[in-house]
Amino acid sequence: MSTVTGQREISAQDAARPMTAAPDTSLVPVNQGPNPAINSGPAPVNSGSSRRAATTAKVRGKRYVQRYALPPDWWHIGPIMAIVMLGNGLTSWSLPSIVQGLICGIAIAVAMLARKAISFEQDHELSQRGTYLVVALMVGLPMILFGAGMGLWFEADGVLGVEVASLVLLDLICAIKTSGRLTALITGKLALWLGFLITSFHPVVLMAIIAAALMGIHSSRQQQREDNRAQKAQEEVERAQQRAELILNDFEQTRQGWFWETDRRGMITYVSPTIGEIVGRESRRLIGRPFTELFILDDKSQEGERTLAFHLSTRSSFQELAVHAATKNRDERWWSINGLPIYDDYNNFQGFRGSGSDLTERRRSEEKVTRLAHYDSLTGLANRLQMSQMLEKILTARAEAQRTCAILLLDLDRFKQVNDTLGHPAGDALLKQVSQRLERVVGRVGRVGRLGGDEFKVIIPGHTLNADLAELARRVIEALSQPYLIEGHRVMIGASIGIAMAPENGVTSEALIRNADLALYAAKDGGRGRHHFYAPDLHSDAEERRQLEQDLRDALAAGGLELHYQPVVSTTTEKITGFEALLRWNHPVRGQLSPSKFIPIAEDAGLIVQIGEWALRTACHDMAKWPAGVRVAVNVSPLQFANPTLPAVVTNVIAAAQIDPSRLELEITESVFLNDSDGTDAMFAALKRIGVRLALDDFGTGYSSLGYLKKAPFDKIKIDQSFVRGATIHGSRNGAIISSIVSLAEALDMETTAEGVETLDELDLVRMLGCSHVQGFVYAKPLTREDAEALLERGLGVTADGPRSARSPRQTMLRRVMLQHGAQRYDATIRNISRTGALVSGLWNVPSGTVFTLELGEGQVITITSRWSKEDRMGIEFSRPLDIDENGRVVLMPEPVKRPLLDRSRLLKAG
């Protein structure tokens with residue numbers, strides 16, 4: 001690499017040569033031009049030999065050129081001496097003698113040899129002594145010989161004035177030739193006059209020569225010191241220049257950055273070679289092209305491109321401007337560029353000069369960070385922050401008509417059980433599938449986001465009818481309730497949705513989300529798997545829930561809770577083998593509250609662990625007073641089971657009640673124990689070491705794998721009442737399920753208890769299928785502690801007492817219907833109805849077995865049969881069961897509407 005200057009340049013060979021300080025070198029100032037552009041290519045070489053090129057250095061703000069000890073044209077002094085001799089001969093009309101001519105001839109010959117000496121000096125690195133010797137031989141020797149020869153000539157002629165004038169002229173020419181080279185200058189002058197003095201001694205001349213010699217020696221030494229300092233400064237500058245050039249070169253070659261320069265028209269005058277590779281064009285072909293061709297400027301969405309055009313047009317500097325690179329394959333590449341306008345000494349704009357660096361990776365990292373900040377990492381949906389920003393943007397729109405939207409808050413039903421039974425990885429996989437289904441159903445109607453956990457939000461901008469929102473909610477619930485396949489397991493969940501609309505239900509995001517949350521709670525309280533619109537009375541429901549939580553805390557502290565005991569009876573002996581402890585709360589204001597009402601509140605409030613420990617202590621304390629063969633089963637919540645202190649609590653309770661550990665039976669649901677972890681196995685092992693019995697509650701209603709039963713230390717499996725209820729109805733598969741569970745329990749040496757047995761035919765069925773124990777209303781409802789003790793005092797034997805068979809649940813109604821028998825039509829009224837039959841009034845003393853046709857509504861006709869009749873009331877049976885809705889109510893067509901007769905005249909007039 002060569003350094004470009006305003007006048008000359010140094011070749012790579014000369015730049016690499018170490019600089020030596022010589023007393024015959026000097027530095028002379030040279031006019032400094034404008035700063036050159038950065039150029040990594042070779043600079044043009046001056047005409048002539050590169051060995052004669054000068055080196056530049058910048059010292060104290062000035063630019064200097066270093067020269068050799070001998071002037072490059074010093075050999076011209078030989079012909080000049082000859083001309084001086086000729087002029088002297090013409091003016092004095094005399095010729096030199098042979099000796100005089102010989103001395104002057106030798107001087108001229110030696111001076112002519114200076115041409116070889118100059119080349120020798122430039123080709124060799126001379127020491128300080130060598131430099132002095134060259135100056136003495138090439139400058140001092142010819143000048144002293146010529147001065148002596150001329151002095152002899154002048155002395156012979158006796159005409160001193162003219163001859164001295166010729167020497168003065170030669171002295172002046174010598175000074176011109178050695179200008180800038182102090183050593184050569186002083187040597188030449190002293191040698192000329194010293195030679196003259198040798199032949200023509202004169203005291204004044206001698207004193208002048210001595211004074212000049214002293215001054216010359218002093219000046220030479222001073223100049224030498226200045227030269228040495230300047231030389232060192234020059235070397236430092238050169239090293240700094242070379243270092244900077246190498247660094248910049250490496251900076252370009254390693255693609256850490258690049259440089260560019262344009263002229264005043266915005267055309268490229270220099271650009272780093274690496275840029276040509278990126279944009280798919282040779283760097284030399286980019287010279288003279290517009291600088292803006294390096295970027296994609298047609299994307300109006302990018303602020304950087306518009307800013308670049310502004311700066312180039314206004315000739316203003318810019319820093320770290322992000323621009324889209326015009327790559328050859330339109331790859332996604334970004335640059336950060338800096339630019340500075342260039343002006344000359346007269347303040348004329350010359351163009352721009354700047355640098356650039358690759359911004360692609362940093363921009364991708366920023367986009368990734370932005371995505372993580374605005375999108376859910378698991379599902380890829382918008383996260384809580386982005387959904388909040390979107391809702392806020394809608395509600396604060398400038399136009400009032402654009403501030404309308406609807407919010408759907410979703411909560412997955414039974415998702416926690418999937419996490420507990422299959423583990424968190426399975427739960428994450430389920431959430432991904434849920435998000436995909438949710439986006440598929442919502443489509444472009446709205447924006448779907450995940451708030452966290454199993455909570456989702458849907459924002460639907462604009463005004464939407466309630467019917468359309470309800471239809472969307474139904475489709476979402478239906479889609480999310482379809483089976484999922486997770487790690488080979490078939491999983492079923494549901495969803496509850498709360499809906500709120502703006503501005504009807506709130507004009508701020510806080511109010512709207514709060515009201516949608518209230519609607520979601522209402523949907524959950526209504527039985528889950530449904531949607532609910534916000535209504536003002538939901539605030540009172542929320543307040544009621546908050547008040548119930550506070551009352552529950554007070555009841556736990558003041559002893560307001562109690563346990564009821566439902567007998568568990570052996571199917572073979574019909575004797576009581578134990579009781580199940582059931583939690584009851586007699587609210588001081590509301591009366592008896594169902595556990596389904598306050599247990600979820602206890603779970604949400606974190607009271608379930610304290611309530612469970614209280615139930616254990618109370619049940620064991622009551623059981624201590626009962627016969628030794630009677631056991632008590634107590635439900636253990638998932639939070640209790642996950643508490644490592646549970647074995648210690650059970651041990652303390654048993655020790656305090658002083659009972660046999662085998663009389664205590666802990667009922668555990670599948671969602672608690674079927675999490676394949678070391679902690680679960682350790683908890684089972686610790687409880688079995690205590691000696692308590694373990695029962696698997698609600699078997700078959702969760703997501704357990706039968707493979708877990710082979711290592712679970714259970715003593716009993718409880719068959720959920722959902723399998724018992726309806727098992728005796730013709731065509732029901734519940735009986736086969738019960739039979740399978742019983743066979744599985746017998747194979748695993750476990751007992752079975754059928755829950756919810758209410759009728760005698762259900763009792764006969766479970767007894768026939770081999771269930772070892774029965775629990776239900778057919779023997780007794782849950783009893784207070786006093787009633788349970790009274791029952792035990794009468795003995796352990798009990799007798800089944802209940803209806804012979806179960807009938808479908810009935811709902812009360814008053815509905816006018818039409819009955820047809822043959823050609824006769826009768827008006828009647830339905831008093832209550834179920835899926836299989838109804839109570840009808842209006843017909844007297846109808847014979848049993850009479851068949852009618854019943855019109856329930858427009859297009860809904862069904863055949864019925866009379867089963868009994870008393871006075872004007874009749875029990876009927878449908879030929880086929882009716883459909884029921886999600887609430888368990890019979891689906892009926894609306895009553896026919898009696899339309900008034902049209903006025904014919906009006907009809908004709910309208911026509």
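Residues numbered from 1 in each chain as written. Predicted model: local features only at pLDDT ≥ 70, side-chain atom pairs only at ≥ 80, totals over all residues. Heavy atoms only, no water.

**As for the overall build of the protein**
In terms of regular secondary structure, the protein is built from 29 helices and 30 strands. By residue count, 44% of the 911 residues in the protein fall in the buried class. Contacts in the protein between residues far apart in sequence, at least 24 positions, make up 64% of those at least 6 positions apart. Carbon and sulfur atoms make up 54% of the accessible area of the protein, which amounts to about 48000 Å² in all. (Helix = DSSP H or I, 4+ residues; strand = E, 2+ residues; numbered from the N terminus. Buried < 20%, exposed > 50% of the residue type's maximum accessible area, 1.4 Å probe, protein only. Contact = heavy atoms within 4.5 Å. Areas by Shrake-Rupley, 256 points an atom, 1.4 Å probe, with all protein chains shown as cover.)

**Some details on helix α18 (residues 538-558)**
Compared with an ideal rise of 1.5 Å per residue, which puts 21 residues at 30 Å, α18 spans 30 Å between its outermost C-alpha atoms and is within 8% of the ideal. Of all the positions in α18, only Leu538, Arg545, Leu548, Asp551, Leu552 and Ala555 are classed as buried. All buried residues of α18 project into a common sector of 130 degrees when viewed along the axis, lining one side. Residues of α18 that are exposed and angled more than 90 degrees away from the buried face: Ala557 and Ala558. Immediately downstream of α18, the backbone of Gly559 shows phi near 80 degrees, a positive value. (Expected span 1.5 Å × (residues − 1). Arc of directions from axis to C-beta.)

**Observations regarding the pairing of strand β4 (residues 258-262)**
Most of β4 sits inside the fold, with five of its five residues counted as buried. Residues Trp258, Trp260 and Thr262 line one face of β4 and the alternating positions Phe259 and Glu261 line the opposite face, and both faces are buried. Relative to strand β8 (residues 349-358), β4 is paired through four bridges, and the arrangement is antiparallel. Residue Trp258 lies in a different strand from β8, and its bridge partner there is Gly356. Across three bridges, the pairing between β4 and strand β5 (residues 268-271) is antiparallel. (Pairing = 2+ DSSP bridges.)

**Examining the sheet that holds strand β10 (residues 447-452)**
Strand order in the open sheet made by the five strands is β10-β11-β9-β14-β15, with mixed pairing throughout. The sheet is open, and its two borders are formed by β10 and β15 (531-533), each paired with just one other strand. Within the sheet, the average angular offset between the axes of one strand and its neighbour, ignoring direction, is 20 degrees. Each of β9 (405-413), β10 and β11 (455-461) touches helix α15 (residues 424-442); the most contacted strand, β11, lies at about 15 degrees to it. The strands touched by helix α16 (residues 466-480) are β9, β11, β14 (494-502) and β15; relative to β14, the strand with the most contacts, the crossing angle is about 160 degrees. (Axes fitted to C-alpha atoms, helices over the stretch in contact; angles between N-to-C directions.)

**Brief notes about the nonpolar core**
Of all hydrophobic cores here, the largest spans 74 residues; its most connected members are Tyr565, Trp626, Val650, Leu664, Leu666 and Leu687. Among the elements that line this core, the one with the most residues is helix α20 (residues 608-623), at seven residues. Discounting residues that sit within four places of it in the chain, Val650 has contacts with Leu616, Leu664, Leu666, Leu687, Ile690 and Val692. Formed by 34 residues, the second largest nonpolar core is a distinct cluster that contains Val84, Ile108, Leu126 and Met143. (Core = buried A, V, L, I, M, F, W, Y, C linked by side-chain atoms within 4.5 Å.)

**Here's the deal with unusual backbone geometry**
Each neighbour pair has its own omega, and for Ala502 with Pro503 the value is 10 degrees, a cis peptide bond. Along the polypeptide, Pro503 turns up in the loop between β14 and α17 (509-525). Despite not being glycine, Arg315 has its phi angle at roughly 55 degrees, a positive value. Phi is positive for Glu574, which is not a glycine, with a value near 50 degrees. By the secondary structure assignment, Glu574 is in the loop between β16 (561-570) and β17 (576-587). Given the relative accessible area of 28%, Glu574 is considered partly exposed.

**Describing the confidence of the model for the protein**
Detailed conclusions should not be drawn from predicted coordinates in areas where pLDDT is low. Taken residue by residue, the protein gives an average pLDDT of 78. The fraction at 70 or more is 81%. In this model residues 1-66 is a low-confidence stretch, pLDDT under 50, and it forms 127 contacts with partners more than four residues away in sequence or in other chains. Across residues 895-911, confidence stays below pLDDT 50; counting only partners more than four residues off in sequence or on other chains, it has five contacts. (pLDDT = per-residue confidence, 0-100.)

**Digging into the packing of α20 against helix α22 (residues 646-657)**
As a packed pair, α20 and α22 sit with axes 9 Å apart at the nearest point and diverge in direction by 25 degrees. The pairing of α20 with α22 is recorded here as roughly parallel in orientation. When you trace α20 past α22, the crossing you get is right-handed. Residue-level inspection shows Glu613, Leu616, Arg617, Cys620 and His621 of α20 in contact with α22, the latter providing Val649, Val650, Val653 and Ala657. Its residues assigned to classes, the contact of α20 with α22 shows six nonpolar, one polar and two charged. (Parallel < 35°, antiparallel > 145°, perpendicular 65-115°, else oblique. Left-handed = near helix turned anticlockwise from the far one by under 90°. Nonpolar A, V, L, I, M, F, W, Y, C, P; charged D, E, K, R; others polar.)

**Notes on the sheet that holds strand β6 (residues 318-324)**
In spatial order, the strands read β5-β4-β8-β7-β6; together these five strands make up an open sheet with antiparallel pairing. The strands lining the two open edges of the sheet, one partner per strand, are β5 and β6. In this sheet, neighbouring strand axes are inclined to one another by 25 degrees on average, regardless of whether the strands run parallel or antiparallel. With five bridges joining them, β6 and strand β7 (residues 334-343) adopt antiparallel strand pairing. From the neighbouring strand, Val323 faces β7, where its bridge partner is Trp335.

**A short note on a nonpolar patch on the surface**
A cluster of nonpolar residues, Leu133, Leu137 and Leu141, forms a patch on the protein surface that exposes about 240 Å² of accessible area. Position of Leu133 among the secondary structure elements: in helix α5 (residues 128-157). On the basis of relative accessible area, Leu133 is assigned to the partly exposed category, the value being 49%. (Patch = residues over 30% accessible without salt bridge, like charges linked within 9 Å, V, L, I, M, F, W, Y side chains within 5 Å. Salt bridge = Lys/Arg side-chain N within 4 Å of Asp/Glu carboxyl O.)

**Details of the environment of Thr799**
With respect to the secondary-structure elements, Thr799 resides in the loop between α28 (785-793) and β25 (811-821). Residues Thr799 and Glu574, 225 residues apart in the sequence, show an inter-C-alpha distance of 7.1 Å. Apart from residues lying up to four places away in sequence, Thr799 is in contact with Val778 and Tyr779.

**Here we look at the pairing of strand β30 (residues 873-878)**
Bridge count for strand β27 (residues 837-841) against β30 is five bridges, and the pairing is antiparallel. Among the inter-strand pairings, Gly837 is bridged to a residue of β30, identified as Glu877. Pairing geometry for strand β29 (residues 860-870) and β30, over six bridges, is antiparallel. Residue pairing across strands places Ser869 opposite Met874, the latter belonging to β30. Here β29 hands over to β30 after two residues, with Glu871 in that stretch at a positive phi of 55 degrees.

**Notes on helix α14 (residues 415-422)**
With six of eight residues buried, α14 lies mostly within the body of the structure. Taken together, the buried positions of α14 are Phe415, Val418, Asn419, Asp420, Thr421 and Leu422. Directly after α14, the chain includes Gly423, whose backbone phi takes a positive value near 100 degrees.

**Regarding the environment of Glu320**
Position of Glu320 among the secondary structure elements: in strand β6. Of the residues examined, Glu320 reaches a relative accessible area of 61% and is grouped as exposed. C-alpha of Glu320 to C-alpha of Gly339: the two residues are 19 residues apart in sequence and 8.9 Å apart in space. Glu320 has contacts with Ser336, Ile337 and Asn338, leaving out every residue within four places of it along the chain.

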